[in-house]
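# Examining the three-dimensional arrangement
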Amino acid sequence: MSALLVFVMSCYGLAILLSLVIGFTGGHESPLIEIAYLSMFLPAAAVVLVNRTRNEPPRVHWTSFPMRYFPIALFLIPGVLHAV
């Protein structure tokens, strides 16, 4: 299995697990509703899981990041997130 597939499966698995915990304890009225904020850290947890199980470091080359797209991304990301 590729590292990308393990990452995607673990992200979805962790998100489903978190949703089930909140859903089974009362949904929107759950006393555990605050742990929904943990969903922001699920991709990072999936990267750590892939790193530990597959012994593959993240393939991010920050030195080759095209900085000319950075201002455009900072301008467009909030609008795209609100649109979605």
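As the structure is a computational prediction, the values presented were derived from the model and not from experiment.

Position of Ser30 relative to the elements: it lies in the loop between helix H1 (3-24) and helix H2 (42-54). Engagement of the side chain of Ser30 in a polar contact is seen with the side chain of Thr25, the distance being 2.6 Å. Residues in contact with Ser30, not counting those within four places in the same chain, are Ile22 and Thr25.

It is worth spelling out the side chain of Ser10 at this point. In this structure, Ser10 sits in helix H1. Beyond its immediate chain neighbours, meaning those up to four positions away, Ser10 contacts Ala46 and Leu49.

Where H1 contacts H2, the two axes come as close as 9 Å, and the packing angle between them is 135°. By the criterion of interaxial angle, the relationship of H1 to H2 is oblique. Regarding H1 and H2, the two cross each other, and that crossing is right-handed. Of the residues in H2, those touching H1 at Ala3, Val6, Phe7, Ser10, Cys11, Leu14, Ala15 and Leu18 are Leu42, Pro43, Ala45, Ala46, Val47, Leu49, Val50 and Arg54.

What counts, and at which threshold
- Residues numbered from 1 in each chain as written.
- Predicted model: local features only at pLDDT ≥ 70, side-chain atom pairs only at ≥ 80, totals over all residues.
- Heavy atoms only, no water.
- Helix = DSSP H or I, 4+ residues; strand = E, 2+ residues; numbered from the N terminus.
- Polar contact = N/O pair within 3.5 Å; in protein donor to acceptor, adjacent residues only side chain to side chain.
- Contact = heavy atoms within 4.5 Å.
- Axes fitted to C-alpha atoms, helices over the stretch in contact; angles between N-to-C directions.
- Parallel < 35°, antiparallel > 145°, perpendicular 65-115°, else oblique.
- Left-handed = near helix turned anticlockwise from the far one by under 90°.

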